[in-house]
Every structure is written in structure tokens, then in C-alpha cells.
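The residues making up each chain are set out below.
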Number of protein chains: 2
Amino acid sequence: MADVARRAGVSMATASRALSNHPHVAAETRRRVLAAAEQLSYVISPEASRLAGGTTGRVAVVVPHLSRWFFATLLDGLESVLREADLDVLLYHVGDADDRRDFFHRLPARRKVDAVVVLGMPVADGERERLESMGVHIVAAGGQVENYPYVSIDDGEAGRQAVDHLLLLKHRRIGMIAAVDPTEPGWPANPGRSRAYHEALAAAGLPADPGLVVTVPWGGLSGADAMARLLSLREPPTAVYAHSDEVAFGAIHTLRRAGLRIPGDMSVVGIDDHPMAELADLTTVAQPVREQGTAAGRLLLSLLSGAETGGGLTVPTRLVVRGSTAPPRR
Amino acid sequence: MADVARRAGVSMATASRALSNHPHVAAETRRRVLAAAEQLSYVISPEASRLAGGTTGRVAVVVPHLSRWFFATLLDGLESVLREADLDVLLYHVGDADDRRDFFHRLPARRKVDAVVVLGMPVADGERERLESMGVHIVAAGGQVENYPYVSIDDGEAGRQAVDHLLLLKHRRIGMIAAVDPTEPGWPANPGRSRAYHEALAAAGLPADPGLVVTVPWGGLSGADAMARLLSLREPPTAVYAHSDEVAFGAIHTLRRAGLRIPGDMSVVGIDDHPMAELADLTTVAQPVREQGTAAGRLLLSLLSGAETGGGLTVPTRLVVRGSTAPPRR
């Protein structure tokens, strides 16, 4: 800075004002300073200039499971919008409840970001208030959360689409493989997707049979275990509704190993439309995952520009019928 | 800062020096300033204090395909090590060659990070020199690159393990589904994995048949197309070596559709040990993906601490035999 000021023949204070686009600098002076800076390859520190403006130009994105398709795809969409707006993405992988507490505890004191986007996980009320009091916005993507702006599917609607499809095919004995997050002890299986199952069966006048519901962690291998448990029932279901496609892939694996045909012996429906679902010929309820990320990015940009946003944005899901579902033979 | 200085009864310059741990501040003065800052809940800006030290505390991670399992899993491992070291991860998704050029063009001028980790993509020599001249370190993970430190598998060795397995089963007509990145026109299919195929066949005294090699973009759907092309040969192969598990999943899908049995009619081997490989009963060459990310993180930490590192680190791969390979019937 001293070199720039000397070369431009101005004081350091003036050179600094000229480089930070301060209004009270004569045009000719600014021109001289910029020319001097260019000659000296002076790099304007974004840190220093941002500090003056009170914003960091950065957004923290908090992800509970980075290597899983759903979260990585949300992040993909979100990052594309934020980068387009010249905001930097600071990535925080918080693997469990302790990580999450630590993140929310440390972030405000550091004041490193203008906003936090949480992908598919909750934020406690106290943490939210703390961030808001420091002017840090919060947006959720891929999960529906009360009290702050979100972009998500309607899990109840998605579950209903899956179970109604099986009911329409005249299945009467329908199992559910419900998924929980093992890093979050005490969390229930996805409540919207579970409730949809019970409500759809009740609406169809079918009795509730707790033996037809198996709850396992998210993921393919546990879907395989869950299907084995359903097959060991005295009277197995004729169709199974899985909380996600990955869980359904595991269920299909067990059926194949057992020599059962899909959909002849058992229909299977998932939720997601995972990239592998088409290859597995899996009937599923498709959710637009990348689009939830981009929509959350746009929601955040409007918040940062000072707009008020009401609640959240629910994106639609739709049934994709493939070869894993058919009417029951029995 | 003015409030802190006033309350501590010192000049602003002294208060600033005390808060930034400058050595030339009397212990008693420092104590008074810190107490005043604490009373006023003064938050030391990490930006400002980092600027003085010349480091940003941030690492840029550059990813070409964020939503793909391989890249997301590398990122998962890398982030865990950097976060443990209290470094922040700035995420940059560069979808194609233009994005990449833009990233490397803009980054040095901003000087936002202390280092760049590139995941599975190249950096041109000029870009590398530019970053190095500004004191920005570069490390590569998940790809083997000359001229700067990397953590990767030996693609040639992995390919050799896959093809040798098929040769040991006495397959003599072996196809290869080679994968290219469609966002990188002009790039060849993974060179190490391709060369391994040709070398292994030559070592076994088998003739080269260009018709047995199909080159498609990475991914399941193109693997399905590639297998259809191999099946349309006058004399199809008895076994297929796919450059990745996702490509192999697609190939298996086509075989199933065609009513062919695996491994009875056709053996299939992949590379990766993708989370779905166990469910698909796919024989594959496993590579430790998350571990390549963590190793790259540790390599970077040692570079940032001033250590010299020689070249790169190659992590071993190993054959995982499952149900998709067997001796040929013909």
C-alpha cells in the first residue's frame, strides 16, 4: 500500500480509500491510484475490503452425510447458485449430534459467514436464535423444518404416492421398511413417510399390523436385512414400501438371493429416483434433489438481499412406474 | 476497538497489538485489554488477525463432479482431516474445462486460501506455477498427477488385477468398457486402466481385437449401452472388464434384460468397490476412496507446516471376488 501511495503521489489513507471505492475520492486521484496499483500488481485483499462492508461473502453449508448421493446432490445444486452469485461455500461436515452442537457453538463467535444452509438436518431453537441475533441467516434444504425458510419435498405426500400405488394394484398386505439415522439416537424414522403409510392403509380400510413395519438405518445393506426379516414372517407381505431407493435396492438383493421374483412374488417401491433406480428397474417416487439445492440457494440470495420470505418452499414429487411393481398373485 | 482501548486506558494501536498477540505488549497491558474486550464481548475477527499472519486458514477444494460417489467420498475424507486441523474448506465445483480455467485464473488474485486440493482432475503447468509463486500449495487426490504431490491408486495395477482375474478363470475373449469424461473433450479414457488391459492380454499371448473395446462416458446408463454394443458383436466376449463399478452396474442391467446369466453367460468385473457393489454381487478391484481423501489432507498439513514432500503417495487396491465372475462355459 505504501508503494502504491508513493507511486501515485498520494497519502496512504487516500490510496486506501481509492482502492476500496470510497466515495470521497476525486476521479483523477482514483485513476492515478488504480494505475499505480496495477503497475505494482497490487492485489486488493477481499478480506480487508469485505471487513469494512460487514459481510464475509461466504456461506456455511452444513452436511450430515457428505458421501451419500442425496446430500452430495443437494450440495451440487446449492453450490452452483452460490458460486454464480460470487459467494464462497464453506463446507462443514457434521457427522453426529456432537459435531452439530460444536459447529453451532463456534460459528457465531468467529463470524465467518453471512449465512448457514443446513442440508437435511435440524437446528435447535436456541442455536437458530443465536445465529439470527448476529445477523446470520439460516436456510434448510432437503428437509422440512419449522421456524425458518426451507426447501423440501412433502414427505407425507411422497409416502402417500408410493403406498397408494401399491393399494391401487390391489395389494392388501403391504410392508414398510422405515429408515432412521443411527448417528441421531432418539430420532424417529422419517415421520412424514411413516405416517403416510399408516394413513393410507387406514383410508383403505386395512388393519394395522405392526409386524409388517421394520425400522433400520438408511442404506442398502440394512434394507437387505429388513427384507430378510419381512420374509421370515409367518405371512410375508406381497409388496414393500421402502423409505428410500437405497433401502429398496437392498430389499431387492435379498429377494433375488431368496430366489423370489420381482414383481411376481413381491412388489417393491422406493422414494428418490436415485441414479441407480432406472438400472434396477425400480418403481419409485421421484424427488428433484439437485433442484432443492438450487432453490435453497435462490431463497438464500433473496434473504441476503433483504427480502422477507414466508416459510418454505415445497417441491413436488411424482410416481415413476417401472418393473418392480405389479398386482399380487395371491 | 475504540471502546476496548478506552475501557482499558490504552491507545487503539496498543489495544490492537494486544488482541493480535503482538510480542511487544506488556503482560499487564495485554491482560487489561483482554479483560476490556471480554467485558464488551469484542469478537476478534479471524479475518483481521489472519491477514496479519499472512495465512487465511482456508483450503480450496476443487471438484469436477460433486454428486458422484467417488468425488463426494474423497471430499468426505479430506474435509475430516482439514476440519480436525481447524482449517476451513472452501468448496469449488468446476464442471468443465472452462470452469477450471476460470477458477485458476481468479483464485490467485483473490488470495483467499493457503492451498488448493484438486480431486481427480488435472492442473495445467502454468496455473500450477502461478499458484506456487504466490505461496499457494497444491495437492491432488484421487488422481495421479506429475509435478505435484498426489494421493492416488495405481490405475495400471488396478486394471491389471481385474483383467488378470478374468485370465486366471481362463477367459480368452475379454471385452473392455473404457470410460471417458464427456466434459473433457480430447481426454482419453483412463489411460492406466486402458493400458493394463492391452498389456495383460499381450502378456497372456492373446490377440488384440479393437472390436472388444467400447469407450463411453463414466456412468451406469452408458455402461448399459456399451454392453449392448458388445452383445451385438458377431462373437461377443465371455467376460467384460469395466473401468468402474457404476459402468459395470449398467452392463449387468443390459445382460439381465437380454436374459443372459451372470456369470454363467458372461463374467463382469469392475473397479471401485462402490457401496452398491456388494448388493449387486459384483466382483471388483476395491480402492480405498475415503482414505485417499484423508491421506491427501495429511499430506497438505505437512506441506503447510513447511515439510518437503517427495512426489506422491500410491495407495493399494485389491481384488474382491463376488458372484459376477466364473470360468467361461465355452
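Here the structure is a predicted model, which is why all the values come from computation and not from measurement. (Residues numbered from 1 in each chain as written. Chains lettered and ligands numbered in written order. Predicted model: local features only at pLDDT ≥ 70, side-chain atom pairs only at ≥ 80, totals over all residues. Heavy atoms only, no water.)

### Things to note about the packing of helix α10 (residues 220-231) of chain A against helix α11 (residues 245-257) of chain A
Residues and elements named next belong to chain A.
Line of reasoning, step 1. Where α10 meets α11, the closest approach of the two axes is 6 Å, and the angle between their N-to-C directions is 50°. Looking at the two axes, α10 sits oblique to α11. Along this stretch, α10 crosses α11, giving a crossing that reads as right-handed. Between α10 and α11, the residues in contact are G220, G223, A224, M227, A228 and L231 and E246, V247, G250, A251, T254 and L255, respectively. (Axes fitted to C-alpha atoms, helices over the stretch in contact; angles between N-to-C directions. Helix = DSSP H or I, 4+ residues; strand = E, 2+ residues; numbered from the N terminus. Parallel < 35°, antiparallel > 145°, perpendicular 65-115°, else oblique. Left-handed = near helix turned anticlockwise from the far one by under 90°. Contact = heavy atoms within 4.5 Å.)

### Here we look at helix α11 (residues 245-257) of chain B
Residues and elements named next belong to chain B.
Line of reasoning, step 1. End to end, α11 covers 18 Å across 13 residues, agreeing with the expected 18 Å (1.5 Å per residue, within 8%).
Line of reasoning, step 2. Buried residues dominate α11, accounting for eleven of its 13 residues.
Line of reasoning, step 3. Buried within α11 are the following residues: D245, E246, V247, A248, F249, G250, A251, I252, H253, T254 and L255.
Line of reasoning, step 4. Elements that come into contact with the buried residues of α11 comprise β6 (174-180), α10 (220-231), β8 (239-242), β9 (267-272) and β10 (283-286).
Line of reasoning, step 5. Backbone nitrogen of E246 and a side-chain oxygen of the N-cap are separated by 3.4 Å at the start of α11; the cap is S244.
Line of reasoning, step 6. Just past α11, the residue G259 takes up positive phi, approximately 75°. (Expected span 1.5 Å × (residues − 1). Buried < 20%, exposed > 50% of the residue type's maximum accessible area, 1.4 Å probe, protein only. Polar contact = N/O pair within 3.5 Å; in protein donor to acceptor, adjacent residues only side chain to side chain.)

### Things to note about the nonpolar core
Soluble globular proteins tend to pack their nonpolar side chains together in the buried interior.
Line of reasoning, step 1. Among the nonpolar cores identified, the biggest contains 96 residues, and V61, L119 and Y241 of chain A together with V61, L119 and Y241 of chain B are the most heavily contacted of them.
Line of reasoning, step 2. Beyond its immediate chain neighbours, meaning those up to four positions away, V61 of chain A contacts L75, L78, V89, L90, L91, Y92, V117 and L119 of chain A.
Line of reasoning, step 3. Grouped together as the second largest cluster of nonpolar side chains are 44 residues, I177 and M276 of chain A together with V240 and F249 of chain B included. (Core = buried A, V, L, I, M, F, W, Y, C linked by side-chain atoms within 4.5 Å.)

### Here's the deal with the pattern of salt bridges
Line of reasoning, step 1. For the coordinates displayed, the defined rule picks out 29 salt bridges over all chains.
Line of reasoning, step 2. A salt bridge links R83 of chain A to D99 of chain B, with the nearest nitrogen and oxygen atoms 3.6 Å apart. In this pair, R83 of chain A is assigned in helix α5 (residues 69-84) and D99 of chain B in helix α6 (residues 97-110), connecting two distinct chains.
Line of reasoning, step 3. Exposure remark for R83 of chain A: the relative accessible area of 29% places this residue in the partly exposed category. (Salt bridge = Lys/Arg side-chain N within 4 Å of Asp/Glu carboxyl O.)

### A short note on the interface of chain A and chain B
Line of reasoning, step 1. The interface of chain A with chain B comprises 43 residues on the first partner and 42 residues on the second.
Line of reasoning, step 2. Both sides together, the interface formed by chain A and chain B hides about 3,900 Å², and carbon and sulfur atoms give 57% of it.
Line of reasoning, step 3. Counting every contact that joins chain A to chain B gives six salt bridges.
Line of reasoning, step 4. Residue K112 of chain A is joined to D88 of chain B by a salt bridge in which the shortest nitrogen-to-oxygen separation is 2.3 Å.
Line of reasoning, step 5. Linking chain A with chain B are 14 residue pairs in polar contact (both at pLDDT 80 or more). (Buried area = accessible area lost by both parts, 1.4 Å probe.)

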